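Chain by chain, the residues run as shown.
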Amino acid sequence: MDTDLYDEFGNYIGPELDSDEDDDELGRETKDLDEMDDDDDDDDVGDHDEDHPGMEVVLHEDKKYYPTAEEVYGPEVETIVQEEDTQPLTEPIIKPVKTKKFTLMEQTLPVTVYEMDFLADLMDNSELIRNVTLCGHLHHGKTCFVDCLIEQTHPEIRKRYDQDLCYTDILFTEQERGVGIKSTPVTVVLPDTKGKSYLFNIMDTPGHVNFSDEVTAGLRISDGVVLFIDAAEGVMLNTERLIKHAVQERLAVTVCINKIDRLILELKLPPTDAYYKLRHIVDEVNGLISMYSTDENLILSPLLGNVCFSSSQYSICFTLGSFAKIYADTFGDINYQEFAKRLWGDIYFNPKTRKFTKKAPTSSSQRSFVEFILEPLYKILAQVVGDVDTSLPRTLDELGIHLTKEELKLNIRPLLRLVCKKFFGEFTGFVDMCVQHIPSPKVGAKPKIEHTYTGGVDSDLGEAMSDCDPDGPLMCHTTKMYSTDDGVQFHAFGRVLSGTIHAGQPVKVLGENYTLEDEEDSQICTVGRLWISVARYHIEVNRVPAGNWVLIEGVDQPIVKTATITEPRGNEEAQIFRPLKFNTTSVIKIAVEPVNPSELPKMLDGLRKVEESGEHVILGTGELYLDCVMHDLRKMYSEIDIKVADPVVTFCETVVETSSLKCFAETPNKKNKITMIAEPLEKGLAEDIENEVVQITWNRKKLGEFFQTKYDWDLLAARSIWAFGPDATGPNILVDDTLPSEVDKALLGSVKDSIVQGFQWGTREGPLCDELIRNVKFKILDAVVAQEPLHRGGGQIIPTARRVVYSAFLMATPRLMEPYYFVEVQAPADCVSAVYTVLARRRGHVTQDAPIPGSPLYTIKAFIPAIDSFGFETDLRTHTQGQAFSLSVFHHWQIVPGDPLDKSIVIRPLEPQPAPHLAREFMIKTRRRKGLSEDVSISKFFDDPMLLELAKQDVVLNYPM
């Protein structure tokens, strides 16, 4: 070892050098050499020293380990070198492909008790199809019922005994929350009591009132509904709404009273009381139907066969007919249809004469329903729950039910389910009920077309649809969009009304704004694959004939909500199906924006699939609904952080008196002048217009008669209604109250369209805080119109008409209106006072509290302002230790206390305002939110001559000028 090459610490310093100058040259030479040996890699750095003695040391900054970018990529390529690695260590350089999955789907087609080809063949016979929507209140057992049908038809799908299968809750969020959020279609083949097979298209809908829009979409493509009612809870908030909705949609209504096991095992009612409870439910439903329906024949009764009884948890389902059939199968020669007619109502069996009588033969006689149906049911349940080891095997032998030793050792619930399943067999009673009382697509087509199609029923196309003709021109109505597993694209789901849709065929998709005159909202697409949807799996088919439901790939691009799919050419007279009319109003809104502003386009792309307006606002029916929308937006559609503003509600603006003076405005060219006053509408009229009880499209005579008879308008006013606003069903009216002696009607008629447009624009954005005007009648009292068409164009008239609307409105004591929710709370008796307390703190008031018959609970009905309802449910649960359960749904608009234009009110920040200050507070804060000036300035809407007129009349103006 050469000691001269190392210093005293043992660090290598190399041989002694002659001078500094050599060092520089040496460095330079090394560099030149390096550049010459391009192909020498960094491994060869060591070899240089041996090759060229005297050049052993290369300074640190001159060392070259890697070739430069130019050497690697060539001189023509632009390269950028990043000095430091900005990518955090937690992030992999090459990410693994992340598969997004939001739904539970079967990987392969499961085994079914029927051949798939048989199901496909049934699709061609429209008389053997039933399109049914299962609807009902929250947790009344719709999804569990579908699970039972799935288990019957899919031998390998079984529920674990400790939890429900929930086969139709396919979204992970639905599984986590334990509540249905989307309507899910299921198509199965089911046999009736006689063993004849029918193809059932069943839509399982959510029961929460916030998601009633999903029910609407299901009802639109169905021919009838099965209304589920919990036997213990009875008719609840949503049950009532759904009956009304189904009747309005002109659908056949049948009822399934579910969870009858609760009467026995939970409420422990004696059989006679259970009968009264069931009868009470049927009577209540009939009462509601007669209230909403004009059809006298629409009555529900177990005797007619349109009420069935079930318990999904224990796989029980029967109608009187199917229970009578069990007797017939056991005892032989009984005419079970005749027997069934005697199993409900005040009919008693006399064992001595072996006849049924209307009068009780002895004081202790039971009604036939109790004796022949409830008591056997009670006995079976009691035996299984009570004496499993002693008397159960003997009873089962008598009933002809055979269980293995293993099965007898099961826990009570699974055992009970098994016994009931073997005793009651398949759900043939349910099938009978649907087959007899819900029309097939062929029979139900005509009323369905009359109700939903905007075109005429008399055309060739109308007749093809009314006959449900699979060879006619293609007409398909889609009402739902289902996203794929990974949330990348949507499939449209709808019903084929005529013709046959083929996979891969070109079609024309008509949107909701399509009319024969304005064909802009239509697009030609190519259908991808077609499926029959069965919740967690799809059966791919190559064509779907009329009368069936179908899931369509490849047409989702132009569709926003509903669509009409038809032939690309040759079917020019096709019109669209009406857009869905929902039975709730969305009044809650949240403003959203991405945390990182650069992600705005991404968020908006996700929002295309929700709703939109000025600040990116999402409107919803309630908190749960918005929560689900935000979950979808954050996770499924845009995958970014989104911040949400505090929820607010939509307001309305109205007046409470007639305008204090006639308000007029001149057009900018001073050649026209319009005079108007505003006054409130009669009570109930706004709702009638919104619910389309009266329509502006009626002829003058019919319209006039309606207003004369129902609202006592005089003939002249009733005949001169010009428009409803802000749209055809808007809750404001424009009336022409001018006299022919004073005004040239022909000239006025020539500017009618412009004035109506100004009126509709004005009522769409009121002067107080840019919200809709509601419940106001605007009367045109006088009009000076220029003779020359040039001087009375839309540009002159429309803004002027809007200004007059505003000034007349402001002169008629304007007020704000806020949405009110109807709340139904279920709570045990000891929690009722807590519910009152919580409601009172939020400006709510109770309208009714009553015990639910046959149960320990109370129902409390109340109203609460929507703006105070945020967090109400959570609050309620904290105050009642989670025992109270509430549902709220929009009910009506109510005037906010206080004058929104009262300048003397000072609003202090962060303090709750007393009631009379609320209107002012809401108005100012809404204006701030929308970026408007703090206060409403009158001079904006009044002309100078009008202001002079006001001064002349000495009207007290506490308005800011």
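This is a predicted model, so every value here is computed, not measured.

1. Considerations on the overall build of the protein chain
Helix and strand counts for the protein chain stand at 31 helices and 34 strands. Considered along the principal axes of its C-alpha atoms, the protein chain spans approximately 135 × 100 × 65 Å. The burial tally for the protein chain puts 51% of its 961 residues in the buried class. Across the protein chain, every contact between residues at least 6 apart in sequence was considered, and the portion connecting residues at least 24 apart equals 72%.

2. Comments concerning the domain arrangement of the protein chain
According to the domain assignment, the protein chain consists of domain 1 (116-437), domain 2 (454-566), domain 3 (593-649), domain 4 (653-812) and domain 5 (820-940). Each of domain 4 and domain 5 has a C-alpha centre, and these two points are 34 Å apart. If you look at the interface, domain 4 gives 10 residues, while domain 5 gives 13 residues. Summing both partners gives a buried area of about 890 Å² for domain 4 against domain 5, and 69% of it is carried by carbon and sulfur. In terms of surface lost to domain 5, no three residues of domain 4 exceed L768, C769 and L810, which account for 48% of the buried area on that side. Applying the counting criterion to the domain 4 and domain 5 interface returns 1 salt bridge. Among the ionic pairs, K930 bridges to E771, the shortest N-O distance being 3.2 Å. In this assembly, domain 4 and domain 5 are joined by 5 residue pairs in polar contact (both at pLDDT 80 or more). Of the residues assigned to the side of domain 4 that touches domain 5, the class counts are 5 nonpolar, 1 polar and 4 charged.

3. Points about helix 11 (residues 320-331)
For helix 11, built from 12 residues, the straight-helix expectation of 16 Å at 1.5 Å per residue is met to within 8% by its first-to-last C-alpha distance of 17 Å. Along helix 11, the residues classified as buried are L320, S322, F323, A324, K325, I326, Y327 and A328. The inward-facing, buried residues of helix 11 contact strand 7 (316-318), helix 12 (336-340), helix 13 (368-385), helix 16 (412-424) and helix 17 (428-437).

4. Here we look at the nonpolar core
It is characteristic of soluble globular proteins that their nonpolar side chains tend to be buried jointly. Grouped together as the largest cluster of nonpolar side chains are 89 residues, with contacts concentrated most on I618, M676, L734, I755, L768 and F778. Of the residues forming this core, the biggest block, 8 residues, is contributed by helix 27 (residues 794-810). Excluding its chain neighbours within four sequence positions, the residues that come into contact with M676 are K662, C663, L734, I755, F778, K779, I780, L781, A801, V804, V805 and A808.

5. Looking at the packing of helix 8 (residues 237-248) against helix 10 (residues 271-292)
Put simply, helix 8 and helix 10 touch, their axes get as near as 9 Å, and they point 40 degrees apart. The pairing of helix 8 with helix 10 is recorded here as oblique in orientation. Relative to helix 10, the crossing made by helix 8 is right-handed. Every residue of helix 10 that contacts helix 8 at E240, I243, K244 and V247 is listed here: V285, L288, I289 and Y292. Partitioning the contact of helix 8 with helix 10 into residue classes produces 6 nonpolar, no polar and 2 charged.

6. Let's talk about the UniProt feature "domain: Tr-type G" (unreviewed entry) in the protein chain
Per the UniProt annotation, the sites labelled "domain: Tr-type G" (unreviewed entry) are residues 127-409. For the annotated span residues 127-409, helix accounts for 40% and strand for 18% of the residues, and the straight-line distance between the end C-alpha atoms is 46 Å.

7. Examining the environment of L300
If you trace the backbone, L300 turns up in the loop between helix 10 and strand 6 (307-311). In sequence terms L300 and D283 are 17 residues apart; their C-alpha atoms lie 8.4 Å from each other. When sequence neighbours within four positions are dropped, the list of residues in contact with L300 reads V253, T254, V255, V282, V285, N286, I289, N306 and V307.

Parameters and conventions
- Residues numbered from 1 in each chain as written.
- Predicted model: local features only at pLDDT ≥ 70, side-chain atom pairs only at ≥ 80, totals over all residues.
- Heavy atoms only, no water.
- Helix = DSSP H or I, 4+ residues; strand = E, 2+ residues; numbered from the N terminus.
- Buried < 20%, exposed > 50% of the residue type's maximum accessible area, 1.4 Å probe, protein only.
- Contact = heavy atoms within 4.5 Å.
- Domains from an automatic or database assignment.
- Buried area = accessible area lost by both parts, 1.4 Å probe.
- Salt bridge = Lys/Arg side-chain N within 4 Å of Asp/Glu carboxyl O.
- Polar contact = N/O pair within 3.5 Å; in protein donor to acceptor, adjacent residues only side chain to side chain.
- Nonpolar A, V, L, I, M, F, W, Y, C, P; charged D, E, K, R; others polar.
- Expected span 1.5 Å × (residues − 1).
- Core = buried A, V, L, I, M, F, W, Y, C linked by side-chain atoms within 4.5 Å.
- Axes fitted to C-alpha atoms, helices over the stretch in contact; angles between N-to-C directions.
- Parallel < 35°, antiparallel > 145°, perpendicular 65-115°, else oblique.
- Left-handed = near helix turned anticlockwise from the far one by under 90°.
- UniProt positions renumbered as here; feature names shortened; annotations may be inferred.

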